[in-house]
Number of protein chains: 2
Amino acid sequence: MSRLASPELAERRRRQILDAALDCFRRRGFHQTSMQEICSAADISAGALYRYFGSKAEIIAAIAHDERQDSSVVFNAANGTVIDGLCLMAEGFFRKLAAGDGALVADVLAEAARDPILARNLALFDKQYVMACAEVIGAGQVRGEVDPALDPLEAAETLLAAIKGVGLRAATFGQTQLDGAAAQFRGLAERYLAVRA
Amino acid sequence: MSRLASPELAERRRRQILDAALDCFRRRGFHQTSMQEICSAADISAGALYRYFGSKAEIIAAIAHDERQDSSVVFNAANGTVIDGLCLMAEGFFRKLAAGDGALVADVLAEAARDPILARNLALFDKQYVMACAEVIGAGQVRGEVDPALDPLEAAETLLAAIKGVGLRAATFGQTQLDGAAAQFRGLAERYLAVRA
DNA sequence: ACCTGAACACCGTTCAAGT
DNA sequence: ACCTGAACACCGTTCAAGT
């Protein structure tokens, strides 16, 4: 067999196709954009595209993977308080949604809910992400910022779920109310994590 | 013009089609199920279907409408504490997700994020729902159950967003962890609403 | 009035033919 | 090796023809 001789070309073509696909998917959704649209956007023929991706589902999986990784990167700036760190991360996510990725995030959710293999792949990211978050919360507990009665792992999961819920609600119904969502989440996180009397 | 002479037949056919469509959409998603599948499931020809719905988008809109209304009904049993009321409602939603509606809920979200008309229609439901919730929280404040410093409307919005976030996360990654989601939400709501020292 | 099913332009995917 | 574009079975939608 002699397919895909040059790894550099292959990688370049894959990027070219994924960039075009992301653009289309954002606007019209996974299952409303046609392969022809992707081909046109990527300036490539249908036959050429299928040398680099076996199916539309494969492209969707790659985009979903990138989207999730993208959402996970932002959680390094844990210098300030736990609350500030969480809010910074949340704002990064809200900004992405406000920029037009709300529908894409919902698409990924829907896809993962129906495709166990994709769900498992995304869950791997998610676990890492939750654990990083839990670590920050645990550190906040030893500093006395966060109620020691909370289970850090469960608190991290709950807050990440809340971020997604608040963000998706704003993206669906919102007047691009990025600030409103951020304020809502800050209030929730502050009261949830607070040391109780 | 003489189309649709009998309202009873029309209503019966529309139900027949929507029931079949809901079944298909749950399993395969809005844009992966074909009209042929809906026609087969409804035991009706393509031509007949198009007498009662103008397009696939119209069927999707009707299903999304029903789905949202369905999620909104459960909030009457406000006898116990505010927390109990909220948790009862959350559990109703979680049960729906665990029964396999997780992907459908995500589909509706994605559809609404791209279709402003659908978004506005769903927002009407949502507003009523938020206000009912806010009223319960307000009543909790006068009973001393809920911190009077909270804005009832914002608290209602935030908690409803959190319910959706927690539920969708469980539905996407979860081991059908209905109980885990319920416990997570209860912890969040208790701490969020609590009167502070 | 109500329904059927073949027909239309278009979808995802394949593959012979080019370079 | 890499690409093109016509061809395949199927998609959403329409409409002449039946009852």
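Residues numbered from 1 in each chain as written. Chains lettered and ligands numbered in written order. Predicted model: local features only at pLDDT ≥ 70, side-chain atom pairs only at ≥ 80, totals over all residues. Heavy atoms only, no water.

Undergrad: Could you clarify how one ought to interpret the overall build of chain A in this entry?
TA: When helices and strands are tallied, chain A shows eight helices and zero strands. Listing each helix as α and each strand as β along chain A from the N terminus yields α-α-α-α-α-α-α-α. Dimensions of chain A along its principal axes, counting C-alpha atoms only, are 70 × 40 × 30 Å. Sorting the 197 residues of chain A into buried and exposed places 49% on the buried side. (Helix = DSSP H or I, 4+ residues; strand = E, 2+ residues; numbered from the N terminus. Buried < 20%, exposed > 50% of the residue type's maximum accessible area, 1.4 Å probe, protein only.)

Undergrad: How should the packing of aromatic side chains be read in this particular structure?
TA: For any pair of aromatic rings, the description rests on two quantities: the centre-to-centre distance and the angle between the ring planes. All names here are of chain A. Scanning the entire structure with this criterion turns up four aromatic pairs over all chains. With 4.9 Å between their ring centres and 80° between their planes, phenylalanine 25 and phenylalanine 30 make a pair best called edge-to-face. Between phenylalanine 93 and phenylalanine 94, the ring centres sit 6.3 Å apart and the planes meet at 45°, which makes this aromatic pair tilted. Take phenylalanine 93: its relative accessible area is 11%, and that puts it in the buried class. In this structure phenylalanine 94 comes out as buried when scored by relative accessible area, which is 3%. (Phe/Tyr/Trp six-rings, centres within 6.5 Å; stacked < 30°, edge-to-face > 60°.)

Undergrad: What should I look at first to understand the relation of the copies chain A and chain B in this one?
TA: Turning one copy of the chain about an axis and sliding it along that axis gives the other copy, so a rotation and a shift relate them. If you rotate chain A by 180° and push it 0.0 Å along the axis, it lands on chain B with an RMSD of 0.0 Å. Overall, the copies show the geometry of a two-fold rotation axis. Scanning chain A for the C-alpha nearest the rotation axis identifies glycine 165 of chain A, at a separation of 1.9 Å. The fraction of interface residues of chain A whose copies in chain B are also interface residues reaches 100%, indicating that both copies meet through the same surface. (Least-squares fit on C-alpha atoms with pLDDT ≥ 70 in both. Contact = heavy atoms within 4.5 Å.)

Undergrad: Just checking my understanding: could you explain the pattern of salt bridges for this structure?
TA: Pairing between side chains becomes possible if they bear opposite charge and their charged atoms approach one another. Counted under the stated rule, the structure contains 26 salt bridges over all chains. Residues arginine 26 of chain A and aspartate 101 of chain A are paired through a salt bridge, measuring 2.8 Å at the closest nitrogen-oxygen approach. Remark: aspartate 101 of chain A occurs in helix H5 (residues 82-114) and arginine 26 of chain A occurs in helix H1 (residues 7-28); sequence separation between them is 75 residues. When its relative accessible area of 31% is taken as the criterion, arginine 26 of chain A is described as partly exposed. Note on aspartate 101 of chain A: relative accessible area 5%, which makes it buried. Among the ionic pairs, arginine 114 of chain B bridges to aspartate 107 of chain A, the shortest N-O distance being 2.9 Å. Placement of arginine 114 of chain B in helix H5 (residues 82-114) and of aspartate 107 of chain A in helix H5 is noted, with the two residues assigned to different chains. What makes arginine 114 of chain B partly exposed here is its relative accessible area of 23%. Residue aspartate 107 of chain A is classed as buried on the basis of its relative accessible area, which comes to 9%. Members of the salt-bridge network, linked through shared partners, are Arg26, Glu67, Lys96 and Asp101 of chain A. (Salt bridge = Lys/Arg side-chain N within 4 Å of Asp/Glu carboxyl O.)

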